[in-house]
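What the coordinates show
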Amino acid sequence: MKKVGILVGREKTFPEALIKNINERGDGEVIAEYLKLGGIKHDAPPAYDLVIDRISHEVPFYRATLKRMALEGTIIVNNPFWWSADDKFFNYSLAAKLGVAVPRTVLLPQKDYIKGIVSESLRNLEFPLDWQAIIDYVGLPAFLKPFDGGGWKNVSKINSLEELWNEYDQTGTLCMTLQAAVDFDQFVRCYCVGQEEVMIMAYDPRKPYLSGEQYIHNPNYLSPQLADRVRKDVRTLCSALGYDLNTVEFAIKDGIPYAIDFMNPAPDAELASVGEFYHNWITNAVTDLVFKRLTEKRERPRYRWDALLNPAPIKTQAVASQTEQQARTIMPNAEAKAATAANESGGATDTPKSKTTLRSGTKKDGRNSNRSKTI
């Protein structure tokens, strides 16, 4: 008998449907249940053959437990070693290497730091930070968002340099990115299971969560050619990242799918959110993956970090040519550049005429200060 453990947070319908599916198909040979975890002994034998992780990114005890289980040969979906090391800014850079379109993105120094970080700790930071150059590169409007966040938490739309300063001042110790906004014609969110199975979902990020209007079941939402391109990009990204369960979001402009979010290894699958069709699809696809992984031949674990990041990717395929990558790059439009220049010169009526710059230095108490004196 093989055992499958489900590690969950607040969600209900997806894990319950998954347990029901696995138990029905397993017919006593494979049993699925919720994990129960207490004090974890460092030399305890594995209690489960496979674990589906839905919450360890928010609970360090769970994450450490899953790493320990992986060391003993338990299959973890998704791999806790890669997930621990991953971040969205790295993923944008990786996507560009793979030929997947991404908006221009800049990683920003933190606004504040933990206790003990003082000015001497940050001598390598540029001071003052050249915010105008950052805006010129990314363009406006743009989105300020955490480099490793999810669920649209702490995301702000930025329309001016002043707005960037104001929003950045509130980010605390979060490390943020500034990313060009795509004025999309279409938007899709795609499930990917086992790095192969892809479900493209028409999705409207402007609608509120649980409104019933975010996800639209429309198999013909994308043209066949564009749908093929999206599926290839999804498989390319998830294969390179090693995620067996993920969602990839694309903002589509002028026929080009820009990948804007693809580090979602515990994607939303609740019935009230995604709707019955997509809920049933993801439940069945993950159930299929569980039985596939349980029957695959596995090598004896090698006790090295790189070995624990295995299995190797199924496939990695670039989609866009170098010429297209250059041609599709989002550049600041003339209106955005003109507006920024007007603000900087005191031309806007709601902007003080004295220019101010944000900086990346720190005060003596170790907190990152906001701006330098008026120029």
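The shown structure was predicted, so the numbers you read here are calculated from the model rather than taken from an experiment.

Further remarks concern the environment of threonine 177. Considering the arrangement of structural elements, one finds threonine 177 in strand β8 (residues 176-180). Remark: the alpha-carbon pair of threonine 177 and aspartate 148, spanning 29 residues in sequence, is separated by 9.3 Å. If near-sequence neighbours (up to four positions away) are discounted, threonine 177 is found in contact with Phe89, Thr105, Val106, Leu107, Phe143, Leu144, Lys145, Pro146 and Phe147.

Let us now look at the sheet that holds strand β3 (residues 50-53). Read from one edge to the other, the open sheet built from four strands follows the order β2-β1-β3-β4, with strand pairing classed as parallel. A single partner strand is all that each edge strand has here, and the edge strands are β2 (30-34) and β4 (75-77). Across the sheet, the mean angle separating the axes of adjacent strands is 20° when strand polarity is ignored. Helix α1 (residues 13-26) contacts β1 (2-7), β2 and β3 of the sheet and is inclined by roughly 160° relative to β2. Relative to β3, helix α9 (residues 276-295) is tilted by about 145°, and along the sheet it contacts β1, β2, β3 and β4.

Time to look at the sheet that holds strand β13 (residues 256-261). In sheet architecture, strand pairing relies on hydrogen bonds along the backbone and comes in two forms, parallel and antiparallel. As summarised here, the arrangement of the five strands in space is β11-β10-β9-β12-β13, forming an open sheet in which the pairing is antiparallel. The open sheet terminates on both sides in strands that have one partner only, identified here as β11 (215-216) and β13. Sheet topology note: the strand β12 (residues 245-253)/β13 ladder contains five bridges and is antiparallel. Within the sheet, the bridge partner assigned to lysine 253 lies in β13 and is isoleucine 256. The strands that helix α7 (residues 224-241) touches are β9 (186-193), β10 (197-203), β12 and β13; relative to β12, the one it contacts most, it runs at about 135°.

Attention now goes to the side chain of asparagine 91. With respect to the element layout, asparagine 91 can be found in helix α4 (residues 88-98). Look at asparagine 91 and you get buried, because its relative accessible area is 2%. Setting aside chain neighbours within four positions, we find asparagine 91 in contact with Asp86, Leu241, Phe262 and Met263.

Calculation rules
- Along each chain, the written sequence defines residue order, and numbers are assigned to residues from 1.
- Restriction of local features to residues with pLDDT of at least 70 applies here, the model being predicted, together with a cutoff of 80 or more for giving and counting side-chain atom pairs; totals for whole chains, interfaces and linings are based on all residues.
- Hydrogens and water molecules were not included; the side-chain quantities draw on all heavy atoms of the structure.
- Only DSSP runs of H or I covering at least 4 residues are called helices, and only runs of E covering at least 2 are called strands; the numbering of each starts at the N terminus.
- Whether two residues are in contact is decided by their heavy atoms: any pair within 4.5 Å suffices.
- Think of it this way: DSSP has to see at least two bridges between two strands before they count as a pair.
- Helix axes use the C-alpha atoms of the stretch in contact, all axes being lines fitted to C-alpha atoms, and the angles between their N-to-C directions lie in the range 0 to 180 degrees.
- Three exposure classes are used, based on accessible area relative to the maximum for each residue type with a 1.4 Å probe and protein chains only: buried under 20%, partly exposed in between, and exposed over 50%.

Everything listed is a geometric property; what it means functionally is a separate question.
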